[in-house]
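Architecture at a glance
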Amino acid sequence: MAEPEREPRNRKADVKVVIDQQEVRRLLDQENAQLVEVLPHQEYEQEHLPGAINMPLKELTPDAVATLDRARPVIVYCHDFL
Amino acid sequence: MSPRAACRLESLGFIAVYDYAAGKTDWTGSGLPTGGTQADMPRPGRLARETPTCRLTDTVATARERAGDGGACIVTSDNGIVLGRLRGKTLEHDGALSVADVMEAGPTTVRYDEFLPDLVDRMQKAGVGSIVVTKPSGELVGLMQRSDAEELLAEVHREHHDHDDHDAG
């Protein structure tokens, strides 16, 4: 009996795919990823990654995220690990 | 925040969601370009100058030759991670000795994007003339001279002062 096909790891809702800087750049260059800074507006205004849009964590509502393209990868970031 | 944001997006039905967990700190610390009102602020990494380097297996003679008039040679791994430094008395050791035997291990370093005024203040209080600048990975960026930072900050202060005078006048 054939083994059931496993769901790809990054397709599960409870699995975070953590990536490094190199992978960020690859996704942006090669897969047209969308970059989202989830810090408050003021911090985004002071400094952000090139091409990033701002969607503060508190504002991640269904309406707000409707502007994102679901067919493209989305990369979220904040300050750091802390 | 970003792990929660990633989970939130997945709960809203997004499939290809990635968490750049090391975040903005990692990006700016690596000297990569940014946007925003503070994108052009002076940073140690932008002032850091290329500095002579050597490997653990090199001799003191080699390090001394490379240090030249600059007076310092940074010891790095093959992929540029800072391991040590030779300067002053450490460069005066027997030339046949290996760098690993005499180097000052684990020198103090600062991040590429450290807040420059605070850094200069600390360097002045400690009487430090230069400091090694690295990326978050520990990879060498270069050596920042305190005098370069002081000059830049003085210039920024003058420009700011001139601008204020112009507005007041």
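Residues numbered from 1 in each chain as written. Chains lettered and ligands numbered in written order. Predicted model: local features only at pLDDT ≥ 70, side-chain atom pairs only at ≥ 80, totals over all residues. Heavy atoms only, no water.

Our next topic: the overall build of chain A. A count of helical and extended segments in chain A gives three helices and three strands. Across chain A, helices and strands are ordered from the amino to the carboxyl terminus as α-β-α-β-α-β. Classification of the 82 residues of chain A by burial places 39% in the buried group. Taking the contacts inside chain A whose residues are at least 6 apart along the sequence as the reference set, 45% of them involve residues at least 24 apart. When the accessible surface of chain A is summed, it comes to about 5,500 Å², and 49% of that surface belongs to carbon and sulfur atoms. (Helix = DSSP H or I, 4+ residues; strand = E, 2+ residues; numbered from the N terminus. Buried < 20%, exposed > 50% of the residue type's maximum accessible area, 1.4 Å probe, protein only. Contact = heavy atoms within 4.5 Å. Areas by Shrake-Rupley, 256 points an atom, 1.4 Å probe, with all protein chains shown as cover.)

Looking now at the environment of Val-102 of chain B. Residue and element names in this part refer to chain B. Relative to the assigned elements, Val-102 resides in helix α5 (residues 99-102). For Val-102 and Leu-91, which are eleven residues apart along the polypeptide, the C-alpha to C-alpha distance reads 8.4 Å. Once residues within four sequence positions are removed from consideration, Val-102 is found in contact with Val-60, Leu-86, Thr-90, His-93 and Leu-97.

A word on the pattern of salt bridges. Under the counting rule described, the total for this entry stands at 14 salt bridges over all chains. Between Arg-43 of chain B and Glu-47 of chain A there is a salt bridge; the shortest N-O distance is 2.4 Å. On the criterion of chain membership, the pair formed by Arg-43 of chain B in the loop between α2 (23-29) and α3 (44-47) and Glu-47 of chain A in the loop between α2 (41-46) and β2 (53-54) is interchain, its members lying in two chains. Here Lys-125 of chain B and Asp-121 of chain B are joined by a salt bridge, their closest N and O atoms 3.0 Å apart. (Salt bridge = Lys/Arg side-chain N within 4 Å of Asp/Glu carboxyl O.)

This paragraph deals with the domain arrangement of chain B. Residues and elements named next belong to chain B. When its domains are assigned, chain B resolves into domain 1 (1-35) and domain 2 (41-168). Listed by partner, the interface residues are seven residues for domain 1 and seven residues for domain 2. Sorting the residues of domain 1 by area buried against domain 2 places Thr-28, Gly-29 and Ser-30 first, and these three jointly supply 60% of that buried surface. Counting every contact that joins domain 1 to domain 2 gives zero salt bridges. Summed over the shared surface of domain 1 and domain 2, the number is three residue pairs in polar contact (both at pLDDT 80 or more). (Domains from an automatic or database assignment. Buried area = accessible area lost by both parts, 1.4 Å probe. Polar contact = N/O pair within 3.5 Å; in protein donor to acceptor, adjacent residues only side chain to side chain.)

The next thing to look at is the interface of chain A and chain B. The interface is formed by 43 residues belonging to chain A together with 37 residues belonging to chain B. Carbon and sulfur atoms supply 63% of the area that chain A and chain B bury against each other, a total of about 3,700 Å² over both sides. Interface area lost by chain A to chain B is led by Gln-21, Glu-47 and Val-76 of chain A, which between them contribute 17%. Across the chain A-chain B interface, the total number found is two salt bridges. Put simply, the parts of the chain that give the side of chain A that touches chain B at least two residues each are α1 (21-31), α2, α3 (62-65) and β3 (74-77) of chain A.

Right, let's talk about the packing of aromatic side chains for a bit. The relative placement of two aromatic rings is captured by the distance of their centres and the angle of their planes. Considering all chains together, one arrives at one aromatic pair over all chains under this definition. Note on Tyr-20 of chain B and Trp-27 of chain B: the rings are 6.4 Å apart at their centroids and 80° apart in plane angle, and the pair reads as edge-to-face. The pair formed by Tyr-20 of chain B and Trp-27 of chain B is uniform in burial state, with each residue classed as buried. Taking NZ or CZ as reference, Arg-70 of chain A lies 4.2 Å from the ring centre of Phe-14 of chain B, over its face. (Phe/Tyr/Trp six-rings, centres within 6.5 Å; stacked < 30°, edge-to-face > 60°. Lys NZ or Arg CZ within 6 Å of the ring centre and 35° of its normal.)

Moving on, we come to α1 of chain A. Turning to α1 of chain A, its buried residues number three or more, namely Gln-21, Val-24 and Leu-27 of chain A. Buried positions in α1 of chain A, seen along its axis, are confined to an arc of 125° and lie on one side of it. Among the exposed residues of α1 of chain A, those oriented more than 90 degrees off its buried face are Gln-22, Asp-29 and Gln-30 of chain A. For α1 of chain A, the secondary structure elements touched by its buried residues are β3 of chain A together with β1 (17-20) and α2 of chain B. Of the residues flanking the end of α1 of chain A, it is Asn-32 of chain A, one or two places downstream, whose phi is positive at about 50°. (Arc of directions from axis to C-beta.)

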